[in-house]
Amino acid sequence: MTTKQNLLQNLRFDITGNQPAYETAATMPAKRSSRWLKPYADFYFFAGFDGIEIAEIDCGRIYQNYPAMTKLLRLNGRISLTGSHPASAEAPRLMKCEIPAPAWLLSLLLENPHWHAYYTSSAALADDIAKAYRSLLDELYAAGCRFVLMYDYSWMPLTTAPGIKQLLQGGTDINRLAETYVSITNQSIDSVPDDMTTALYPAVLDSQSMLTTRRDYSVIARTLFNGIHTDILYLDFDTTDRNQTRLLSLLRPGMKLMLGTDDITTLLLPDFESRFASLLLRATEETPETNNPGIFFHFTTPTAAIAAEEATEINTRLAQLRAALAHATAYAEFA
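Not measured: the values here are computed from a predicted model.

Reading the values: the criteria
- Residues numbered from 1 in each chain as written.
- Predicted model: local features only at pLDDT ≥ 70, side-chain atom pairs only at ≥ 80, totals over all residues.
- Heavy atoms only, no water.
- Buried < 20%, exposed > 50% of the residue type's maximum accessible area, 1.4 Å probe, protein only.
- Helix = DSSP H or I, 4+ residues; strand = E, 2+ residues; numbered from the N terminus.
- Pairing = 2+ DSSP bridges.
- pLDDT = per-residue confidence, 0-100.
- Contact = heavy atoms within 4.5 Å.
- Phe/Tyr/Trp six-rings, centres within 6.5 Å; stacked < 30°, edge-to-face > 60°.
- Lys NZ or Arg CZ within 6 Å of the ring centre and 35° of its normal.

Visitor: A description of the pairing of strand E4 (residues 96-100) should follow, citing residues and the corresponding values.
Guide: The buried fraction of E4 amounts to 5 of the 5 residues, a majority that puts the element mostly inside the structure. Neither face of E4 is left uncovered, since the one carrying Lys96, Glu98 and Pro100 and the one carrying Cys97 and Ile99 both have all their residues buried. Of the strand pairs in this sheet, E4 and strand E5 (residues 147-151) are connected by 5 bridges, and their pairing is parallel. Looking at the pairing, cysteine 97 lines up with valine 148 of E5.

Visitor: Please set out the confidence of the model for the chain residue by residue, giving values where relevant.
Guide: Here the chain averages 77 in pLDDT, while 68% of its residues score no lower than 70. Taking the mean pLDDT of every element in the chain, the minimum, 35, falls on helix H12 (residues 330-334) and the maximum, 96, on helix H6 (residues 174-189). Note that pLDDT drops below 50 for residues 207-212; the model gives that stretch 13 contacts with residues more than four away or on any other chain. Note on residues 327-335: pLDDT is under 50 here. Beyond four places in sequence and across chains, it has 19 contacts.

Visitor: Account for the side chain of aspartate 231, with residues named and values stated.
Guide: One can find aspartate 231 in the loop between helix H8 (221-227) and strand E7 (232-236). For aspartate 231, the residues in contact, after removing those within four places along its chain, are Lys4, Leu8, Met196, Thr197, Thr198, Met255 and Lys256.

Visitor: I'd like a description of the packing of aromatic side chains, backed by residues and values.
Guide: Counted under the stated rule, the structure contains 8 aromatic pairs. Between phenylalanine 45 and phenylalanine 46, the ring centres sit 5.9 Å apart and the planes meet at 75 degrees, which makes this aromatic pair edge-to-face. Of the residues examined, phenylalanine 45 reaches a relative accessible area of 1% and is grouped as buried. Ring geometry for tyrosine 151 versus tyrosine 153: centroids 5.5 Å apart, planes at 55 degrees, classification tilted. We classify tyrosine 153 as buried; its relative accessible area is 3%. Members of the aromatic cluster, connected to one another through ring pairs, are Phe45, Phe46, Phe49 and Tyr133. In this structure, arginine 146 packs its charged tip against the face of tyrosine 141, placed 3.7 Å from the ring centre.

And the structure:
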């Protein structure tokens, strides 16, 4: 059994949000307490590609007698990766790298018509982004990374009721947009080495939205679940909603499924085991046995905000959970 096959078979537990590969890169400003608090840090990652720069513009408001400024991504040429990306400097110490997804970059650039200065079509722009990501993934692989999780905020409007309503009112073809996001992701990963595991996480921009916004995958389930070529799909999923749970049957055969829970501090709740039992049992009713679903936590609470005794209890319960999920009888043990 290869390392990748072993990972896909035995990955039953993960934590996201605490180890972006680029977070200590030289191009970054002060380290954030959490990736979920600001999307701007992703801009510094994207600026690691040739042809992309970060611009500050006046947003039209006054703050403390000064014009309020905001950041946006802007092209200064066609996108490529001819040198070394800052993320690759961190890859040797991280077998797992968390990076923003190519579709997220595409969606940000399309918000600003400035891209027309270098591209005649959005398809050409997407093609260059995919090529740059393929070069990056090759770089990360050469540096030692074997597991890349791409978090993708571009899916948020397609998986929430307010977002879907706004897109439809604006005349957006949601199916076509979803196909575009799937296509650029697949173009980016289809040529990675066989022993490199890829995962996609359609995420939300901040911790408050993540914990309170109901995700609805019904509009894009067939396109995303069956069309994406990543080895693993991470989903924030409400398994108490039977209509949503049935959508899991659309998953591409053999794809690994990881279901998101709340913030890692959920482990402090007295019913934490029953919560995870319910999550996994409902998922397995709809997914092929080979998918062997697991769970993941969001590391949204800054470490400094967790008391020492709470941190000790979390670590203890993580150990209990890891041990339980390592066995085929994990579901029964949680019962």
